[in-house]
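# Tertiary structure, described
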Amino acid sequence: MTRPAARALQRKLLSWYAASKRDLPWRGARDPYAIWLSETMLQQTRVETVIPYYQRFLRELPTVRELAEATEERVLSLWSGLGYYRRARMLHAAARRVVREHGGRLPASVDDLRRLEGVGAYTAGAVSSIAFGRRAAVVDGNVARVLARLFAIEEDVKSARGSARVWALAGDLLPDGEGQAGDWNQALMDLGATVCVPREPRCERCPVEALCTGRARGLAAGLPRMVRKKAPRPVRRVAIVLASRTSVLLARRRAGALFGGLWEPPGTDGPLEALAASLGLDVGALERRGELVHVLSHRRMQVEVVRGGLGRRRSWPLPGPEYDAVEAVPVSRLARGAHSALTRKILALAGVPGGP
Ligand code: SF4
């Protein structure tokens, strides 16, 4: 693209963004912590899902320092249901580093941001440009799609070569104007989210249609080309929900395991009999409640849910090597606990009142 064409693209897209940007709770925030939090939550998660989590998290832990001082259990409980819990653990570790090494203020440069736990090229570019006005590029799925179409890039944008090409393009297109990079990056993201959408781009509503090579060549809807993702691996599990009217038995998953640090009804990928025996239960006393399916990025979990009574026992053995703690938890505390969306589904299927 010639320099005048790049300027025309910047002008048109920035004025479209000024008039049509999405009204999102983190828009207009100048607090780098709030922007960092929103960008972390938005990774692989839809905007509508993120909004209530973002607002609650910021209300409960409004500064980097408060996040750094919070327990992991509290951070995970504020993240409960949002998925990809590694993001929360990394955010927590990074906040501690920011307090330790940067006096509680997020650094402004991409290089310094990338030294923080869990901060990759995308998040560093977003925080640096949006919060600090630095000339830093971002490429997420939306930006990659828009650029692949605008420039008719036909190679796989997820391949090493395709990704390098898109990142280089994103860097070249950054406007020179003071503090404009943040708006430019958000304009590309918004165009991808609202107009240049995955299946059927709304080219007739697009502010840069006249400059779009993919559109001119009739390629737009087929771009970007991507190698088909592998189907998630099927996993069969069984979960035992032992509950009374007021309490339910939950076990905490070991750090490093899938859902590490979160509490759930004891479960196993092995046979129900072995799990029941590890808890000292007779399978005949358990009632089958049905099956549910929960899909993660790499696994499709099919979980059989069985239910039994909690009885009067005071202590319970660990129900398997996946766990490092076990406890009868009052159902009144479930809503504030650290649980995955899968746990919510399991408790709902088991009919536990007041589930998270
Ligand atoms: Fe996307 Fe169509 Fe706009 Fe090109 S003209 S950027 S394909 S919406």
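Keep in mind that what you see is a predicted model, and the values were worked out from it rather than measured. (Residues numbered from 1 in each chain as written. Predicted model: local features only at pLDDT ≥ 70, side-chain atom pairs only at ≥ 80, totals over all residues. Heavy atoms only, no water.)

## A closer look at the overall build of the protein
Along its length, the protein carries 14 helices and seven strands. Within the protein, the proportion of its 356 residues that are buried is 48%. Of the contacts formed within the protein by residues at least 6 apart in sequence, a portion of 67% connects residues at least 24 apart. When the accessible surface of the protein is summed, it comes to about 17,500 Å², and 49% of that surface belongs to carbon and sulfur atoms. (Helix = DSSP H or I, 4+ residues; strand = E, 2+ residues; numbered from the N terminus. Buried < 20%, exposed > 50% of the residue type's maximum accessible area, 1.4 Å probe, protein only. Contact = heavy atoms within 4.5 Å. Areas by Shrake-Rupley, 256 points an atom, 1.4 Å probe, with all protein chains shown as cover.)

## A word on the pairing of strand 5 (residues 287-295)
Strand direction decides the pairing type here: strand 5 and strand 6 (residues 299-309), joined by eight bridges, are antiparallel. Residue pairing in the sheet places His-294 in a bridge with Met-301 of strand 6. Hairpin connection of strand 5 to strand 6: three residues between the antiparallel strands. (Pairing = 2+ DSSP bridges.)

## What about the site of the ligand?
In the vicinity of the ligand, the residues found are Arg-149, Cys-196, Pro-201, Cys-203, Cys-206, Glu-209, Cys-212, Arg-215 and Ala-220. Along the lines of polarity and charge, the residues of the shell around the ligand split into six nonpolar, no polar and three charged. (Near = heavy atom within 4 Å. Nonpolar A, V, L, I, M, F, W, Y, C, P; charged D, E, K, R; others polar.)

## Re the domain arrangement of the protein
Often, the extent of an interface is quoted as the loss of accessible area upon association of its parts. When cut into domains, the protein gives domain 1 (3-222) and domain 2 (233-350). In this assembly, ten residues from domain 1 lie in contact with 14 residues from domain 2. Note on domain 1 versus domain 2: buried area summed over both sides is about 820 Å², and carbon and sulfur give 46% of it. Considering only the surface of domain 1 that becomes buried against domain 2, Glu-73, Ser-80 and Tyr-85 emerge as the three largest contributors, covering 48% of it. Joining domain 1 to domain 2, the criterion identifies zero salt bridges. (Domains from an automatic or database assignment. Buried area = accessible area lost by both parts, 1.4 Å probe. Salt bridge = Lys/Arg side-chain N within 4 Å of Asp/Glu carboxyl O.)

## Regarding helix 6 (residues 86-102)
Look at helix 6: 23 Å from first C-alpha to last across 17 residues, which is about the 24 Å you get at 1.5 Å a residue. Elements that come into contact with the buried residues of helix 6 comprise helix 2 (32-42), helix 3 (47-60), helix 4 (64-69) and helix 5 (72-79). (Expected span 1.5 Å × (residues − 1).)

## Overview of the environment of Ser-278
Along the chain, Ser-278 falls in helix 13 (residues 272-278). Considering only alpha carbons, one finds Ser-278 and Gly-337, 59 residues apart in sequence, at a separation of 24 Å. Contacts of Ser-278, omitting those with residues within four sequence positions, involve Pro-317, Leu-318 and Pro-319. A polar contact is formed between the side chain of Ser-278 and the backbone oxygen of Leu-275, at a distance of 2.7 Å. There is a polar contact of 3.5 Å between the side chain of Ser-278 and the backbone oxygen of Pro-319. (Polar contact = N/O pair within 3.5 Å; in protein donor to acceptor, adjacent residues only side chain to side chain.)

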